[in-house]
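In case you want the letters, here they are:
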Amino acid sequence: MLLNSQQCDALRELGNIGAAHAATTLSTMLMTNIEMDVPDIKVIDISQVHQYVSDELAALVLFEITGEVSGGGYVLLHIPKNSVIRLTNAMLGMTEQDRELTEMDESALLEIGNIMVSAFLDATAGLLNIIMLPSPPSLTIDMPHAAVQSILASEGFMDINEVVLFRTELRSDQHKIINNLFLLPNEPMLDEIVTMLENLLTTASESPGTS
Amino acid sequence: MSKEQPDPQTVIIGIGEFLVGKLPMSSIGLGSCIGLVLHSRTGGIGGMAHVMLPDSQGREDRPGKFADTAVEILVSELSAAGCRPSQMVAKIAGGASMFKGFSGNLNIGERNTEAVLVALKGKNIEVAGKDVGGTMGRTVTYYPALGGRMVVRSADGTLKEL
């Protein structure tokens with residue numbers, strides 16, 4: 001097992017804070033309420049990834065996490081295909097639903113990804129008292145499973161059999177838009193984050209000194 | 001465009017898994033991974049592996065996960081089922097490179113493709129069809145009982161038959 005249930009809880013709380021900040025930025029950009037679920041954290045075998053991540057076409061914006069952590073962790077923003085046009089329409093003030101994606105949509109997706117993921121990493125890093133920054137984003141309109149699989153086969157993960165799947169859903173009911181944020185830390189990064197969280201909890205539970 | 005009819009009997013082969021049998025098999029969302037099919041020309045039987053990495057480096061716990069051990073296990077399980085290597089043909093799909101420019105990206109898709117082809121050559125198995133490389137994800141379905149038909153659906157919706 002990569003994580004015990006206590007570590008899962010701590011990570012869920014950390015993700016919750018990050019996702020709430022991402023949701024706030026999305027809410028500001030779209031000028032609407034954003035609903036957010038409690039993040040889902042699962043430790044799953046790689047052979048079961050297909051049960052959680054489908055092959056249905058979606059916009060995928062990928063960031064590598066950089067800063068004061070070891071490399072090899074990623075954040076993936078997943079926007080199902082039927083939400084993509086509604087999202088960029090809401091951002092760009094357009095209404096036509098039945099249209100092809102243009103370069104403008106792609107820039108809008110990169111931008112929204114940048115802003116949301118920066119907010120997500122800022123908030124989580126702030127809690128851990130470190131700095132985390134997103135790399136420049138890479139956008140593809142493709143199968144989510146293929147994207148996650150490619151990340152899991154990349155250098156930072158290499159020979160793994162289990163993965164921590166962290167996912168949180170952000171929704172705008174008004175615009176009928178769904179976004180999913182996936183956090184995919186490799187094992188060294190996961191260990192670092194969990195250690196930092198545990199130190200944080202220990203410090204918080206100790207009473208202040210009386211010297 | 002004709003739509004794939006998902007067969008309820010289809011067995012999903014997850015990342016690193018393999019199966020030999022007669023039922024339809026599918027690997028969904030192949031990115032840098034390879035969907036490797038070894039089909040027997042007789043008996044309506046064959047196998048599929050969802051290969052993730054090129055080299056097992058001697059590890060044996062998940063034979064379907066690595067190119068070298070995946071070819072090995074499919075050949076040996078098909079042989080155990082009564083097929084001769086000379087009757088086997090291979091079909092492969094996947095090995096894409098979806099995100100260029102990331103530090104962790106060492107062309108794993110390309111290396112997977114190469115490693116699978118080398119391993120097949122080592123067994124003298126003919127490659128009857130391949131759809132590899134590019135930047136797009138693929139979902140593959142293999143029908144052992146239908147003459148080894150392999151359908152490749154790309155992320156953009158195009159269907160290809162190998």
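To start, this report covers the structure provided alongside it. Computed from a predicted structure; not experimentally measured.

**Looking at the packing of aromatic side chains**
Residue and element names in this part refer to chain A. Across all of its chains, the model carries 2 aromatic pairs over all chains by this definition. Between Tyr74 and Phe157, the ring centres sit 6.5 Å apart and the planes meet at 25°, which makes this aromatic pair stacked. With Tyr74 in strand β4 (residues 74-80) and Phe157 in the loop between α4 (144-152) and β7 (162-172), this residue pair connects regions lying 83 residues apart in the sequence. On the basis of relative accessible area, Phe157 is assigned to the buried category, the value being 7%. Seen in terms of ring centroids, Phe120 and Phe166 are 6.3 Å apart; in terms of plane orientation they differ by 65°. Their pairing is edge-to-face. Placement of Phe120 in helix α3 (residues 103-128) and of Phe166 in strand β7 is noted, with a sequence separation of 46 residues between them. In this structure, Phe120 and Phe166 share a single accessibility class: buried.

**Digging into α4 of chain A**
Among the 9 residues of α4 of chain A, 9 are classified as buried, and the element is accordingly described as predominantly covered. Turning to α4 of chain A, its buried residues number three or more, namely Pro144, His145, Ala146, Ala147, Val148, Gln149, Ser150, Ile151 and Leu152 of chain A.

**Some remarks on a nonpolar patch on the surface**
Together, Leu92, Met94 and Met104 of chain A make up a nonpolar patch on the protein surface, roughly 240 Å² of accessible area in all. Its location among the elements puts Met94 of chain A in the loop between α2 (81-92) and α3.

**With respect to the interface of chain A and chain B**
Each side of the interface is counted separately: chain A has 33 residues, and chain B has 33 residues. It is Met143, Gln149 and Asp159 of chain A in chain A that bury the most area against chain B; as a group they hold 19% of the surface buried on that side. On inspection of chain A and its partner chain B, the count reaches 2 salt bridges. When the shortest N-O distance is used, the salt bridge between Arg153 of chain B and Asp55 of chain A registers 2.9 Å. Where chain A packs against chain B, one counts 14 residue pairs in polar contact (both at pLDDT 80 or more). Those elements that place two or more of their residues in the side of chain A that touches chain B are β3 (58-67), β6 (138-142) and α4 of chain A. The element contributing the most residues to the side of chain A that touches chain B is α4 of chain A, with 6 residues. Considering only residue class, the side of chain A that touches chain B consists of 15 nonpolar, 12 polar and 6 charged.

The rules behind the values
- Residues numbered from 1 in each chain as written.
- Chains lettered and ligands numbered in written order.
- Predicted model: local features only at pLDDT ≥ 70, side-chain atom pairs only at ≥ 80, totals over all residues.
- Heavy atoms only, no water.
- Phe/Tyr/Trp six-rings, centres within 6.5 Å; stacked < 30°, edge-to-face > 60°.
- Helix = DSSP H or I, 4+ residues; strand = E, 2+ residues; numbered from the N terminus.
- Buried < 20%, exposed > 50% of the residue type's maximum accessible area, 1.4 Å probe, protein only.
- Patch = residues over 30% accessible without salt bridge, like charges linked within 9 Å, V, L, I, M, F, W, Y side chains within 5 Å.
- Areas by Shrake-Rupley, 256 points an atom, 1.4 Å probe, with all protein chains shown as cover.
- Salt bridge = Lys/Arg side-chain N within 4 Å of Asp/Glu carboxyl O.
- Contact = heavy atoms within 4.5 Å.
- Buried area = accessible area lost by both parts, 1.4 Å probe.
- Polar contact = N/O pair within 3.5 Å; in protein donor to acceptor, adjacent residues only side chain to side chain.
- Nonpolar A, V, L, I, M, F, W, Y, C, P; charged D, E, K, R; others polar.

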